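These are the residues of each chain, in order.
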Amino acid sequence: MNVLQSIFLGAVQGVTEFLPISSSGHLKIIEALFNLSVPDWFDVFLHLATLLAIVIYFWKQIVEFFQVLFRWIGKKPAPEKPLIADGLCKTEEAGRKTIIAVLITTVVTAVIGLGVEKIEDILEEKGVPSKFVILAIFTGFIITSGLLITCGIISRLREKNTDSESKAKPYNGITVPQALFVGLFQGIGTLPGISRSGSTIASGVYSGVDRKLAGDYSFIVSIPAILGAALLKAVKFVKAVKDGCFTFSVMGNGAAQNGTEVIGIIPVIAGFVASFAVGYLSLFLLMKIIKKGKLEWFAAYLIPVAILGFIFINHF
């Protein structure tokens, strides 16, 4: 894999990981169209780059979560004002509830995600045609579009029914039922073509969470999800390196010998930087769009792409 390919794939990962259009789906389509193969080890670095973008963007809320946790453990009093007035930890009680919610969502997602991965491994062993996978991805695009459109409708109806802030139900943390619901949808978001961010934001709104807070929660719970998935692949990668399956060079131009793959350090760094930079900008843009309540804009992209995919499926 050369530098340009790495930058291209990193940029694609950065855009699609955060925008609700399915990163895994787009990467598989690009692999099929351009006859590229994204190795698991490279995918690990791309996901770590987008994870870094999330941590930097939400660093104040992450710090506040840890502060609430340590005060909770140490039985210390809460400060007069939260670090972020409109964040997930508006109050000490809200912060504690949301910490529990993050744990619940993560467990539910892990159970469903591992089940989906197992099914995918079985299908791969049975030699399911790549065309079937691509078809599933385009179907996932339609499902994601439905989630985004209904999310927008529900959000607008809720705003119309709330004449003033005094009538709005005050936020006091993510509840256990909401955490379970979001965890279920985040697990479903591991299926081909279904956006993780789109499904979690939509499920948050469905369950009564304000759309801005639903967006915040979606990316906070993505941290353990992305980190967990990356660690699983990283463990396999380290084992493969120890077994001599990989060698390293500056540019990775050497030909593979005796089944040993050559990994270029510069292409990996280039892909990481591209994924981080584009990912951060995409996250910044998405949070602005969430505040405006315009998530259905992405359905206007996904639906035509899915239709074209169904029409030209034989070209994959």
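This text follows the structure it describes.
Below: a short report on this structure. Here the structure is a predicted model, which is why all the values come from computation and not from measurement. (Residues numbered from 1 in each chain as written. Predicted model: local features only at pLDDT ≥ 70, side-chain atom pairs only at ≥ 80, totals over all residues. Heavy atoms only, no water.)

## Considering the nonpolar core
Where a protein is soluble and globular, its nonpolar side chains tend to be buried together. Rules: For our purposes a nonpolar core is just a set of buried Ala, Val, Leu, Ile, Met, Phe, Trp, Tyr and Cys residues, chained together by side-chain atoms within 4.5 Å. Only protein chains enter the accessibility calculation, which uses a 1.4 Å probe. A residue is then buried if its area is under 20% of the maximum for its type, exposed if over 50%, and partly exposed in between. Residue contacts are defined here by distance: any two heavy atoms, one from each residue, within 4.5 Å place the two residues in contact.
Counting residues in hydrophobic clusters, the biggest one holds 53 residues, and the most contacted among them are I54, F58, L88, Y217, F219, L295 and F298. Beyond its immediate sequence surroundings of up to four residues, L295 is in contact with P20, L148, C151, I201, L286, I289 and I290. Counting residues in each nonpolar core, the second largest holds 13 residues, with V12, I30, V38 and F42 among its members.

## Description of the packing of helix α6 (residues 130–161) against helix α8 (residues 196–206)
For clarity, the threshold we go by: Axis lines are fitted to C-alpha atoms, over the contacting stretch for helices. Their N-to-C directions set the angle, which ranges from 0 to 180 degrees. Helix numbers and strand numbers start at the N terminus; a helix is a DSSP run of H or I with at least 4 residues, a strand a run of E with at least 2. For classification purposes, an angle smaller than 35 degrees is called roughly parallel, one larger than 145 roughly antiparallel, one from 65 to 115 roughly perpendicular, and anything else oblique. The handedness criterion is simple: a crossing whose near helix is rotated anticlockwise from the far helix by less than a right angle is left-handed, and one whose near helix is rotated clockwise is right-handed. Residues were grouped as follows: Ala, Val, Leu, Ile, Met, Phe, Trp, Tyr, Cys and Pro as nonpolar; Asp, Glu, Lys and Arg as charged; and all remaining residues, including Gly, as polar.
Contact geometry of α6 with α8 gives a least axis separation of 9 Å together with a crossing angle of 30°. On the basis of their axis angle, the class for α6 and α8 is roughly parallel. For α6 against α8, the interelement crossing comes out left-handed. Residues G146, L147, L148, T150, C151, I154, S155 and R158 of α6 form the contact with α8, whose own contacting residues are G198, S199, I201, A202, V205 and Y206. Looking at the contact of α6 with α8 residue by residue, the class counts come to eight nonpolar, five polar and one charged.

## Focus on the packing of aromatic side chains
Selection rule: Working definition: a ring pair exists when centres of Phe, Tyr or Trp rings (six-membered ring for Trp) sit within 6.5 Å. Plane angles under 30 degrees give stacked, over 60 give edge-to-face, the rest tilted.
Considering all chains together, one arrives at twelve aromatic pairs under this definition. Each ring, one from F58 and one from F219, has its centre 6.2 Å from the other, and the planes form 20°; the classification is stacked. Of the two residues, F58 sits in the loop between α3 (40–57) and α4 (59–74) while F219 sits in helix α9 (residues 211–220), which places them 161 residues apart along the sequence. Residue F58 shares its accessibility class with F219, and that shared class is buried. With a centroid separation of 6.4 Å and an interplanar angle of 40°, the aromatic rings of F276 and Y280 are classed as tilted.

## With respect to the pattern of salt bridges
Put simply, the rule reads: Salt bridges are identified by distance alone: a Lys or Arg side-chain nitrogen within 4 Å of an Asp or Glu carboxyl oxygen.
Summed over the entire model, instances satisfying the criterion amount to seven salt bridges. Of the charged contacts, one joins D86 and K212 as a salt bridge, the two residues approaching to 3.8 Å between their closest N and O atoms. Of this pair, D86 sits in the loop between α4 and α5 (92–125) while K212 sits in helix α9; the two residues are 126 residues apart in sequence, bridging distant segments of the chain. For the salt bridge of E296 with R156, the shortest nitrogen-to-oxygen distance reads 2.4 Å. Here E296, found in the loop between α11 (265–292) and α12 (299–311), pairs with R156, found in helix α6; they are 140 residues apart in sequence, far enough to count as distant. Sharing partners across several salt bridges, the network here consists of D86, K212 and D216.

## Quick notes on the packing of α3 against α11
In contact at an axis separation of 8 Å, α3 and α11 are set at 40° when each is read in the N-to-C sense. With respect to α11, the axis of α3 lies oblique. Crossing of α3 over α11 shows right-handed handedness. Facing α3, whose interface residues are W41, F42, F45, L46, L48, A49, T50, L52, A53, I54, I56 and Y57, α11 presents P267, V268, G271, F272, S275, F276, G279, Y280, L283, F284 and M287. Each residue belonging to the contact of α3 with α11 can be placed in one class, and the counts come to 19 nonpolar, four polar and no charged.

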